[in-house]
Amino acid sequence: MAGRINDDDVKVVRDAVPIDTVVSEYLQLRPAGGGNMKGLCPFHDEKSPSFQVSPSKGLFHCFGCQEGGDTIAFVMKIDHLSFSETVERLAAKAGITLRYEEGGYNPTHQRGERIRLVEAHKAAADFYVEQLGGEEAAIGRKFLAERGFDQSAAEHFGVGYSPAGWDHLTRFLRGKGFSDKELLLAGLSQDGRRGPIDRFRGRLMWPIRDISGEVVGFGARKLRDDDNGPKYLNTPDTAIYKKSQVLYGVDLAKKDIAKASRAVVVEGYTDVMACHLAGITTAIATCGTAFGTDHIKILRRLLMDNGSARVIFTFDGDAAGQKAALRAFEDDQKFAAETYIAIAPDGMDPCELRLNKGDAAVQDLVEPRTPLFEFAIRQIVSRYDLETPAGRASALDEAGPIVARIKNGASQHEVAVQLAGILGILDTQFVVKRVAQMARWARDRGGRGPAGPASSSSSSASSSSYDSGQSPALSGPALNLRSPAHRTERELLKLALQRPELVSPAFDAYGVDEFTAPPYAAVRRAVEDAGGAEQGMASAPEYLAGVREAAPNDAVRALVTELAVEVFHGKTIDESYAGEQLVRVRLRAVDLRIHDVTSTLARLGTGADHERHQAVQNELWVLQQYRQSLRNSGAAAL
């Protein structure tokens, strides 16, 4: 087994790789105030961004699903890696050499499985690129040239060639230290009669990269007539490659998709190449599967679902392309973006269009032309004779439910009016009412309407669970954010974690019992166990890491992360604001103690021991004087 990674090296890696840089490889981030960034959470579906990143603290937290942590935790969660695999991966990005406590320096056979599979794919991609220049690959270079792609285009997209022999790649990777088991797990080799053989042979090869830019699979195009395999052969699903969860070209397109709030979905690898070379650098494609829910999640995180976001589908004009467009419309409502369909009049795909009519024709093609819902409706009604009443009624019966699926009431009404025009039905209100009736029926069949609990967003559900006295992250008594006490305690803990210089050293003198909510008391204890808020005045990342490590369990650790990135309620966060929170928490603690002492005094009565009675009375007097001082002098009385 691999030795444990040196703790100092883990800290160096954590500090060397900015969390906002890492997170930005997976989703678009925008300013959220207070130096924080926000975006759509990659760990659950949501309509508005509740995922926050604090670059200065090196932490992230989602206020919808409660996921949170540092850079390492984010990569572990999103890429399903172990701790050591994640540290190794980030260290490689930062050029940091890791030391191992027990196993010596990072021997190859000790690397995590995912890391090894990714390394095998990178080595394979380099091998294929080198092979493209050989004599055998002339047929592949000819294929590219006939489609308008020169050597520089092939290099830009990493296109390569797999030799036609049985085990050229397998032997090459064995020489690089990869085992047969690893090559089979990676999907680069497959079992043959006498051992592993190459999965891809005699084909043009496109490396498929994930959103972070790592090669996780390949798409292979048939070149020879004697190849009995399919036209396109893709890597099978592996530990690092799921075809329903990758988009070809997304590593090249993600920045421009986020910047332009536009994505162009094409059908193949050469179409992506043609679009990018024509200046449409937001083009991506699926990898041998239909465009589906997981692909939508990737795009939504990049587009951030702002009002101007657009997704443009370019499908072939043949029956298969039309079917693909209708299938895409099935998931249309999962986008907050406007969706369009772009089909060249002569049915050419972007690659053919660029070859025949040039870059300008490709650019013109993807300018939004027809809304996807309108295309879908027209495809449906085209099967009916709209010259007859019966034909129009039948078309309405089939197209109506499509419009009824539109969730936004105003949009549904507008599209219903358009449907009436397409059908040629003069009584527009009849169509509008009919569609609304279909929508009600659909809701009834689903068991609940849009206002029911199932349609609530994750973030609002989380808020309501807090309001109702149920903590989504912690067991125990309630965290009721309508309670002034809980709200002030939360604000003070946020100050202690985010701006410790404003509350130190006073905060460190506060007892755990001054925090009335047990979860907040647990966070206060974690701060104490980490050495107190004064520790945070030296190094915020180290201080927060220490508090998180001191937390007794994952629930408290998640709450620490949440409080460390949450925005303050006050407009100006300064010593005056911090003093107000300190005084409010202390006043409440004093009031509770006065209540307890008064109750004790009442229980003692006049017949109690004189000294005991006098001691309780003295305590009450001191508390009352302290309370008055806090009210009159504020933080100066602390």
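Right above here is the structure, for reference.
Worth saying up front: this structure is predicted, and the values here are computed from it rather than measured.

Analysis parameters
- Residues numbered from 1 in each chain as written.
- Predicted model: local features only at pLDDT ≥ 70, side-chain atom pairs only at ≥ 80, totals over all residues.
- Heavy atoms only, no water.
- Pairing = 2+ DSSP bridges.
- Helix = DSSP H or I, 4+ residues; strand = E, 2+ residues; numbered from the N terminus.
- Buried < 20%, exposed > 50% of the residue type's maximum accessible area, 1.4 Å probe, protein only.
- Contact = heavy atoms within 4.5 Å.
- Polar contact = N/O pair within 3.5 Å; in protein donor to acceptor, adjacent residues only side chain to side chain.
- Axes fitted to C-alpha atoms, helices over the stretch in contact; angles between N-to-C directions.
- Core = buried A, V, L, I, M, F, W, Y, C linked by side-chain atoms within 4.5 Å.
- Parallel < 35°, antiparallel > 145°, perpendicular 65-115°, else oblique.
- Left-handed = near helix turned anticlockwise from the far one by under 90°.
- Nonpolar A, V, L, I, M, F, W, Y, C, P; charged D, E, K, R; others polar.
- Arc of directions from axis to C-beta.
- Expected span 1.5 Å × (residues − 1).
- Salt bridge = Lys/Arg side-chain N within 4 Å of Asp/Glu carboxyl O.

K.L.:
Residue-level account of the pairing of strand β1 (residues 30–33), with values.
P.N.:
Here β1 runs beside strand β2 (residues 36–39); their pairing, made up of three bridges, is antiparallel. Following the sheet pairing, Pro 31 is matched in β2 by Met 37. Counting the residues that bridge the hairpin from β1 to β2 gives two residues, and of these Gly 34 lies at a positive phi of roughly 65°.

K.L.:
I'd love a proper account of the pairing of strand β9 (residues 203–209), names of residues and values included.
P.N.:
With six of its seven residues buried, β9 lies for the most part within the structure. In this structure, strand β6 (residues 160–162) lies alongside β9, joined through three bridges in antiparallel fashion. Bridge assignment links Ser 162 to a residue of β9, and that residue is Arg 203. Relative to strand β10 (residues 215–222), β9 runs antiparallel, the two sharing seven bridges. Along β10, the bridge assignment pairs Met 205 with Ala 220. If you look at the hairpin formed by β9 and β10, you'll find five residues sitting between the two strands, and Gly 213 has a positive phi there, around 100°.

K.L.:
So what's going on with the environment of Asp 198? Residues and values would help.
P.N.:
Mapped onto the secondary structure, Asp 198 falls in strand β8 (residues 195–198). Put simply, Asp 198 and Pro 163 are 35 residues apart on the chain and 9.2 Å apart in space, counted from C-alpha to C-alpha. When near neighbours in sequence (up to four residues on either side) are disregarded, Asp 198 contacts Gly 165, Trp 166, Asp 167, His 168, Leu 169, Thr 170, Leu 188, Ser 189 and Gln 190. At 2.9 Å, the side chain of Asp 198 forms a polar contact with the backbone nitrogen of His 168.

K.L.:
If you had to explain the sheet that holds strand β11 (residues 232–234) to someone new, which residues and values would you point to?
P.N.:
Strand pairs in the sheet, formed through backbone hydrogen bonds, run parallel or antiparallel to each other. Strand order in the open sheet formed by four strands is β6-β9-β10-β11, with antiparallel pairing between adjacent strands. Edge positions in the sheet fall to β6 and β11, since each has one partner strand and no second. In this sheet, adjacent strand axes meet at a mean angle of 35° when their direction is disregarded. Each of β9 and β10 is contacted by helix α6 (residues 138–146), which is oriented at about 70° to β9, the strand it contacts most.

K.L.:
Can you explain the nonpolar core? Please cite residues and give values.
P.N.:
Of all hydrophobic cores here, the largest spans 61 residues; its most connected members are Leu 144, Trp 206 and Phe 218. Take this core: its biggest share by element is eight residues, from helix α5 (residues 113–131). Residues in contact with Trp 206, not counting those within four places in the same chain, are Phe 143, Leu 144, Val 159, Gly 217, Phe 218, Gly 219, Arg 221, Tyr 232, Tyr 248, Tyr 269, Thr 270 and Met 273. Residues Ile 19, Val 53, Ala 91 and Val 250 belong to the second largest nonpolar core, which totals 47 residues.

K.L.:
Tell me about unusual backbone geometry, residues and numbers included.
P.N.:
Cis rather than trans, the peptide bond between Ser 504 and Pro 505 has omega equal to 5°. With respect to the helices and strands, the residue Pro 505 is situated in the loop between α22 (500–503) and α23 (518–529). Here Gln 66, not a glycine, exhibits a phi torsion of approximately 75°, which is positive. Among the structural elements, Gln 66 can be located in the loop between β4 (59–62) and β5 (68–70). Take Gln 66: its relative accessible area is 11%, and that puts it in the buried class. Phi angles above zero are rare outside glycine, and Ser 261 is one such case at about 55°. Its place among the elements puts Ser 261 in the loop between α10 (250–260) and β12 (262–266).

K.L.:
Lay out the packing of helix α1 (residues 7–16) against helix α4 (residues 83–94) with the relevant residues and their values.
P.N.:
It is at 9 Å that the axes of α1 and α4 come closest, and there the two elements cross at 60°. Here α1 lies oblique to α4, going by the angle between them. Regarding α1 and α4, the two cross each other, and that crossing is left-handed. Together, Val 10, Val 13 and Ala 16 of α1 and Phe 83, Val 87, Leu 90, Ala 91 and Ala 94 of α4 make up the contact between the two elements. Here the residues of the contact of α1 with α4 are counted per class, giving eight nonpolar, no polar and no charged.

K.L.:
Any chance you could break down helix α14 (residues 350–357) for me, citing the residues and the numbers?
P.N.:
Listing the buried residues of α14 in full gives Pro 350, Cys 351, Leu 353 and Arg 354. For α14, the angular spread of the buried residues around the axis is 165°, confining them to a single face. Tucked into the core, α14 has its buried residues touching β12, α11 (269–277), β14 (310–314) and α15 (359–365). Taking the backbone nitrogen of Cys 351 as reference, a side-chain oxygen 3.1 Å away marks Asp 349 as the first, capping residue of α14.

K.L.:
Kindly report on the sheet that holds β1, identifying the contributing residues and their values.
P.N.:
The five strands are arranged β1-β2-β3-β4-β5 in an open sheet whose pairing can be described as antiparallel. In this open sheet, the two edge strands, each paired with only one partner strand, are β1 and β5. If you compare each strand with its neighbour and ignore which way they point, the axes differ by 25° on average.

K.L.:
Could you give an account of the environment of Gln 28, with specific residues and numbers?
P.N.:
Counting through the fold element by element, Gln 28 comes out in the loop between α2 (19–23) and β1. For the pair formed by Gln 28 and Leu 299, sequence separation is 271 residues and the distance between their alpha carbons is 9.8 Å. Not counting residues within four places of it along the chain, the set of residues in contact with Gln 28 comprises Lys 38, Gly 39, Ala 258, Arg 301, Leu 302, Leu 303 and Met 304.

K.L.:
Which residues make up α5, and what values go with them?
P.N.:
The first and last C-alpha atoms of α5 sit 27 Å apart over 19 residues, in line with the 27 Å expected at 1.5 Å per residue. What α5 keeps buried is the set Arg 114, Ile 115, Arg 116, Leu 117, Val 118, Ala 120, His 121, Ala 123, Ala 124, Ala 125, Phe 127 and Tyr 128.

K.L.:
Give a detailed account of the pattern of salt bridges, specifying residues and quantitative values.
P.N.:
Going through the model one piece at a time under the given rule, you end up with 34 salt bridges. Where Glu 398 meets Arg 383, a salt bridge forms, and the shortest distance between an N and an O atom there is 2.4 Å. Within this pair, whereas Glu 398 is found in helix α17 (residues 389–404), its partner Arg 383 is found in the loop between α16 (372–381) and α17, the two being separated by 15 residues in sequence. For Glu 398, a relative accessible area of 29% translates into the label partly exposed. Overlapping salt bridges, with partners in common, bring together Arg 490, Glu 491, Lys 494, Glu 562 and Glu 566 in one network.

Everything listed here is a matter of coordinates, which is why it stays silent on function.
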